[in-house]
Amino acid sequence: MGDERRASETEPEATVDRCVDPESAFDRVYDAVYTLDAELQYTSVNDRVRDLLERSAGDETDGATEPDRADGSASLESVIEGLESLFRETHESALERQHPVTAVDRHEPTGRWLEARCYPDESGVTVVVSDVTERKRRKRRLEEENRRLRSIFEDAHDAILVADDDEISAANPAASELIGLERSELRGRSLAEFIHDDHDLESAWEEFLERGRLRGSFSLVRPDGTERVVEYNSVADVLPGVHLSILRDVTDARQRERQLEHHRERLAALDHVNGVVREINDAIVNGSTRDHLERATCESLADSPSYEFAFIADVDTKTNTVSHRVEAGVDGYVESIPLSIDSDDSAGRGPAGTAIRTETIQVSNDVLEDPSFEPWHEDAREHGYRSAAAIPITHDSVLYGVLGVTSARRNAFTDEERDVVGQLGEILGHAIAALERKRVLLGDDVIELELVIDDAVEMFDAPSMTGHSVWFDRVIRIDDERYLEYGTTDAETLPLVEELVECVPHWNEVTVIDRSAGDVTFELSITDPPMFGVIDAYGGYVEAAAIHDGEYTTTVHFPTGTDVRAVVDEIEDVYSGTRTVARRQISTSSESIDRLQNRLAEALTDRQRTALETAYYGGYFEWPRHSSGEEVAAAMEVTPATFHEHLRAAQEKLVGAILEEPDSTS
């Protein structure tokens, strides 16, 4: 008890000893502090408050107060007035609620933001005031930056995802559009769910965590099954355990790149094919053989970077077999694969067999996906091609073989490339037919056929020509469809010939060249004649022809080795009354004339020979002339200048052959 009393007795003395002057302690507080009594009357205001309210904000404020005391400081009345304007309601609220209240407001004279923390009790309110201008500015800057980041996040065209190691925590609208789910549906899911299985996700994730960032691309599979190609740029740990990924849909750009690359490949392929066409034309001009033409074609195609290999195969329609002729870029190909022209055989339903049957180009632009190409799937894998084309080599309905071309590109033979490649068959067919015709002219031996079409005139419902005769001396081919035929008859028969022109569909017009001694020499223009087309297609030519008593007779020469049965069958298909009177193999003219003809056949171009023959049989060399140069040119459907150019060149070569080799005319 004594100890407790002593403590109690001494406590007031100790308290008094440690008591500090309130005003002195008040002034030592760093913050601005002021107090109010229960009536909210100001009882004390430290100098910090005065300093705070009279502090000039300089360039950062809207203005500053003028000092109103001799020492340059603001008066107490003006300080209190400033506090009242800022925080009166806050004082009242704190006193009424008896709970600390904080308020922030802008002091207009200084342009600074002040924060008042009010601590009430029953006796009044103590207020601590702080300058929070810098804090407000930092907050505004942070809010502005956040708004800017939010705007970037929300308005970015690229998809932005924020995720931890397992789940997406935030996604912008572009990400929702890219993936095909609402943003709320994306949260909690993993991006890995939408990445195609062919992407090595495990290795990419390890590299991402190790390096801290990663760029690349992958195929994104949407919930609806559609795929998009995405480029990504990801950064790890933008916040601890939080990763940022920016995704860009490049599907359309990649498709445009592929289309552009495909277009470049196609242009290159077209250039290569056109180069092959030029080489074939050069070979034709240089008088190459058929073997040389075919080999040059295949080698040019195989040497092109657009194609893998090429071959030309022969066709035997009697046995329905396809056999090797020439190939390049591959060895023993035709003999190693099944080929047929029988539509009932699976080996005959591919491009080659179908092209032979239809005589039209056939392509397979993805051989591994083409069911009709199934017999050659393993062959395609072995030789590395994805597209194949089979081009029939034809001219005037005669099939000379089939050209096969392969390419490592899918869809190689479409549009312009298909058209240009298809022309190779026509060009080769035309060239081979021309070479066959030249072989007849240059050959020592030919096959001679004598054919008769019984009742030929009646076949066309023409007037009877009993007792009348017409001799056809020469047939000249102008182009693929047009021919000129020169002949003679007597004056009495000419009207019947003119009537016959009206009846025969492919006879266009008869023109009288000369009348003398009762005989008439005429020129007959013909378009696409069926018999001449067949004869010309097999490399033959008409040696002589005539109409006697309504029957048409003709003597035709073909190169040795010609399939005569096929020729006759095709003519019989056109004129069912055709019969073969004779077939024989004969030798052509004497050695000296033969040498001259051979030389001219080699020296004259087709157009020069046509001009020379048309001028001769048209009576251009007669005196007086039966036809002028303009008339002969009109018959050939060329300009007079072109006709004279070809004729002069032919005459020069003819005279040169005679003068340079006088033995030729002995």
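The following refers to the structure shown.

Conventions adopted
Residues numbered from 1 in each chain as written. Predicted model: local features only at pLDDT ≥ 70, side-chain atom pairs only at ≥ 80, totals over all residues. Heavy atoms only, no water. Helix = DSSP H or I, 4+ residues; strand = E, 2+ residues; numbered from the N terminus. Buried < 20%, exposed > 50% of the residue type's maximum accessible area, 1.4 Å probe, protein only. Polar contact = N/O pair within 3.5 Å; in protein donor to acceptor, adjacent residues only side chain to side chain. Contact = heavy atoms within 4.5 Å. Pairing = 2+ DSSP bridges. Axes fitted to C-alpha atoms, helices over the stretch in contact; angles between N-to-C directions.

**Quick word on the side chain of Arg 228**
In this structure, Arg 228 sits in strand β9 (residues 227–239). A relative accessible area of 19% places Arg 228 in the buried class. A polar contact of 2.9 Å, which involves the side chain of Arg 228, links it to the side chain of Asp 249. Among residues more than four places away in sequence, those in contact with Arg 228 are Phe 218, Ser 219, Leu 220, Arg 222, Asp 249, Thr 251 and Asp 252.

**What to know about the pairing of strand β17 (residues 469–477)**
In terms of strand pairing, β17 meets strand β21 (residues 541–548) through four bridges, oriented antiparallel. Bridge assignment links Val 470 to a residue of β21, and that residue is Ile 547. Here β17 runs beside strand β18 (residues 482–490); their pairing, made up of seven bridges, is antiparallel. Bridge pairing links Ile 476 to Leu 484 in β18. In sequence, β17 turns back onto β18 through a hairpin of four residues.

**A few points about the sheet that holds strand β15 (residues 398–407)**
Across the sheet, which stays open at both edges, the five strands sit in the order β12-β11-β15-β14-β13 with antiparallel pairing between neighbours. Every other strand in the sheet has two partners, leaving β12 (321–328) and β13 (362–364) as the edge strands with one partner each. Neighbouring strand axes in the sheet, compared pairwise and without regard to direction, differ in orientation by 20° on average. Where strand β11 (residues 310–316) and β12 come together, seven bridges link them in antiparallel fashion. Bridge pairing in β12 places Val 315 opposite Val 322. With respect to the sheet, helix α12 (residues 351–358) is in contact with β11, β12, β13, β14 (387–395) and β15, its orientation differing from that of β13 by roughly 160°.

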